[in-house]
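Coordinate inspection notes
Residues per chain, in single letters:
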Amino acid sequence: MALDDVPKRPADLVLEGELRGEDHRRIRLLPFEVPNGVESLAVRFDYDGKETKTVIDIGLNGPKGFRGWSGGNKSQFQIGPLVATPSYLVGQVDPGRWELVLGIPNIRAESKASYRAEIWMEKRQYLPKERRVEAREAGWFRGDLHLHTGHSDGSCKSQAGKRIPCPLFKTVQQAVDQGLDFISITEHNTISHLQAIHEIEGYFDQIVVLPGVELTTFWGHVNLVGVMGHVDYVRASKSPDDLQSVVEAARQSGAYAILNHPGLPSGEACMGCGWSPGIEKAYNFDGLEVVNGGAVRSTFGQVEGPFSGFGHWVAALSAGRSMTAIGSSDNHDPTQIAETMGAIGRPATVVFATELSAPAIMTGLRSGRAFVDLDGVKGRILDLRLNGPSGAVTMGSSLSITKDMALSATLSAVNLPADATVQWMRDGEEMFSESVNSRENNVELTIRLTELSPGTHAVYVIVRKDSGRISAMTNPVYLKVLQN
Ligand SMILES: [Zn+2]
Ligand SMILES: [Zn+2]
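A few points on the structure. Residue indices begin from 1 for each chain and proceed along its sequence in written order. Each chain gets a letter, beginning with A, and each ligand a number, beginning with 1, in the order they are written. Owing to the predicted nature of the model, reporting of local features is limited to residues with pLDDT of at least 70; listing and counting of side-chain atom pairs is limited to 80 or more, with chain, interface and lining totals taken over all residues.

Considerations on helix α2 (residues 193–201)
- A residue is called partly exposed when the number of other C-beta atoms within 10 Å of its own lies between 12 and 20, exposed at 12 or fewer, and buried at 20 or more, with C-beta atoms placed from the backbone. Helix and strand definitions here come from DSSP, where helices need a minimum of 4 consecutive H or I residues and strands a minimum of 2 consecutive E residues; each element is numbered from the N-terminal end. Those residues of α2 not exposed but buried are H193, L194, A196, I197 and H198.
- Whether two residues are in contact depends on their C-beta atoms, placed from the backbone: they are in contact if these lie within 7 Å. Next to the buried residues of α2 lie α1 (168–177), β12 (182–188) and β13 (208–216).

This is how it looks when you write it as C-alpha cells:
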C-alpha cells in the first residue's frame, strides 16, 4: 500500500451532503469528532457535477487550527505524527473537534452537487515501506543499507560552496546513478527523514528506499532497517543490556538489526563507535557490518585487520550464531567521488529477493542469501551452495549431514575481477584457494569438502584481486556435521 492510499476496510465515518448554487464562492466546514487513541487520519473525498464545472476544494483543520489545504490537487490524503501527504502538516492527531474544509470556487446557479468524504481513524500510521516498484521477478538486487543525509550528520556543498546539511534527494539520486536497487537511510537516533522519504518516493519509483535509524549509543551503533517509529535511544544508552532490549523490541516490530562497524575504536575521536559489550552480548542481531566504507577510509584503506568487522563476525560464527555479513558505505556525502570506498554503494550488499519491493528485500536479507561487493561492480553475482545427499542449500541456510557423507560446495560467479583468487573458507580459516584467470563473465567452481569434524560450521568464499585485497565475499552456508 502506498502511503497516500486509504485503508481497504470501510471508513469509520462518512460525511455526505449536497451543495447548490448559493454555495458558489463559499467555504463550508464539515465538523467531526476524533476520539482518544487515534494515531492518524486518512481521508478520501469525491463529488459529482464536474461535467457542469462544479469545483470543490478541500482542506483540514484540527482542534488547534490549520492542518493543511490541498485544494483540488488531491482526492485522498493522510495525516499523522510521522508523515503526512504533502499539502498537510505532520503532527499528532489530537482528540476533539476537527473540520473538513470545503471551498467552492464554482458551482452554477442552477446546479446541485453531492459530495462524500470518507474518514478512517487509524491506530497506526502507514509508512512508505510497503510501496512496490517495477521489478516483479526474482533476482539479485544491489543495495546500500547505511546512509546519512542532512537529517543527521550528512553534508554536501551548497550552490555557493558552503558545507550544509545535505538534502535527502541528493543521496537517493546518487544511489540511482550508481545502479542501486535499494537503500536504507539510517539517521542517528532521529526519524525526521520519514517525511522526506515519503515526499520523494513517488518520483523515485524504481528504487526501494527503506526507512531506518542508526541507534547511536555509548556502547555501540546499531542499524535498524525498516524501523517504523521512534527508537528509545535514551533507554538504550543506559547500559548494554538496555541497548539489547531496545534492539530486540525494534526487531519484534519488524526491523532488521545490523551491528555497525564493531571493530572501530571507541574514544574521543568517535564516541561509542566500537562495540564495547563484547560479541557474546550481541545475541539479537540479524547482520553484522564486516566492511564499513567510512571505517575503511578513516583507517587508511584497511579492509581487514583490527578495525574491520571481520574479527567480530568470525567470532560470532564460531559461537554458533548465524549473523549475515553486510557491507555498507556509511556515506555522509553523496557527492563523494563514486569510485572511492565510502561512496554510495561502496561497498554494497547484494541480496536475492523474489521481487524488488520493500517486504521482499527485507525477507531476502533475513534469508541470508546475500553477498558483499566491495568494488561496486554492476552485474556482479556471487552465489554459494553446498551440495549434500538430499540436495543443494544456499547461503544463509543450513545443511545437516553425517560425517561420512559426500559433500561439495559450488560457487557461481558473474563478473569476478580479472585475476581473482578464490578462497574457500570455513569458520574463519582457509580450506583451499585457487586462482581464476577466466576472461569469461560466468564461472562455476566446485570443490569437495572432506575431513569435517562434528559440530556446526560456516562455509563461505572470499574473492581477492591480484593485489590481495578483498573484492567480494559470500555469506556462509551453515553446516551441521553429526556423528555417524
Ligand atoms: Zn555509526
Ligand atoms: Zn553511520
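A word on the sheet that holds strand β6 (residues 76–79)
- DSSP bridges decide pairing: two strands pair if at least two such bridges lie between them. Ordered in space as β1-β8-β3-β6, the four strands form an open sheet in which the pairing is antiparallel. Two strands bound the open sheet, and with one partner strand each, they are β1 (13–20) and β6. Put simply, the sheet's adjacent strands are angled 15° from each other on average, direction ignored.
- The sheet contact formed by strand β3 (residues 40–47) and β6 spans four bridges and is antiparallel. Note on β6: the bridge partner recorded for A42 is Q78. Fitted lines through C-alpha atoms serve as axes, helices being fitted only where they are in contact, and the angles separating the N-to-C directions of these axes extend from 0 to 180 degrees.

A word on helix α6 (residues 310–318)
- Three or more residues of α6 are buried, namely F310, H312, W313, A316 and L317. The buried residues of α6 occupy an angular sector of 165° when the element is viewed end-on, so they sit on one face. The arc in question is the one traced by the directions running from the helix axis out to the C-beta atoms.

With respect to unusual backbone geometry
- With an omega of -5°, the peptide bond between R346 and P347 qualifies as cis.
- Note on placement: P347 falls in the loop between β17 (324–328) and β18 (348–353).
- Even without being a glycine, K53 presents a positive backbone phi close to 70°.
- Residue position: K53 is located in the loop between β3 and β4 (55–62).
- Among the residues examined, K53 registers 11 C-beta atoms within 10 Å and is labelled exposed.
- Phi is positive for N415, which is not a glycine, with a value near 60°.
- With respect to the element layout, N415 can be found in the loop between β23 (408–414) and β24 (420–426).

A short note on the pairing of β13
- With nine of its nine residues buried, β13 lies for the most part within the structure.
- Residues V208, L210, G212, E214 and T216 line one face of β13 and the alternating positions V209, P211, V213 and L215 line the opposite face, and both faces are buried.
- Throughout, right-handed denotes a crossover for which the path from the first strand over the helix to the second runs clockwise when the strands point away from the viewer. Running through α2, the crossover from β12 to the neighbouring parallel element β13 is right-handed.
- Bridge count for β13 against strand β14 (residues 221–225) is five bridges, and the pairing is antiparallel. Opposite L215, over in β14, you have V222 as the bridge partner.
- Linking β13 back to β14 in an antiparallel pair, the connection comprises four residues, with G220 at a positive phi of about 160°.

Focus: the nonpolar core
- Think of a nonpolar core as buried Ala, Val, Leu, Ile, Met, Phe, Trp, Tyr and Cys residues chained together by C-beta atoms that fall within 7 Å. Counting residues in each nonpolar core, the largest one holds 125 residues, and the members touching the most others are L224, I258, L288, I361, V461 and M473.
- I361 has contacts with F141, F182, V208, V351 and A353, leaving out every residue within four places of it along the chain.

So, the environment of F204
- Tracing the chain through its elements places F204 in the loop between α2 and β13.
- F204 gets classed as partly exposed once you count the C-beta atoms within 10 Å, which come to 18.
- Residues F204 and I191, 13 residues apart in the sequence, show an inter-C-alpha distance of 20 Å.
- Those residues within four positions of F204 in sequence are excluded, and the remaining contacts are V172, V176 and V209.

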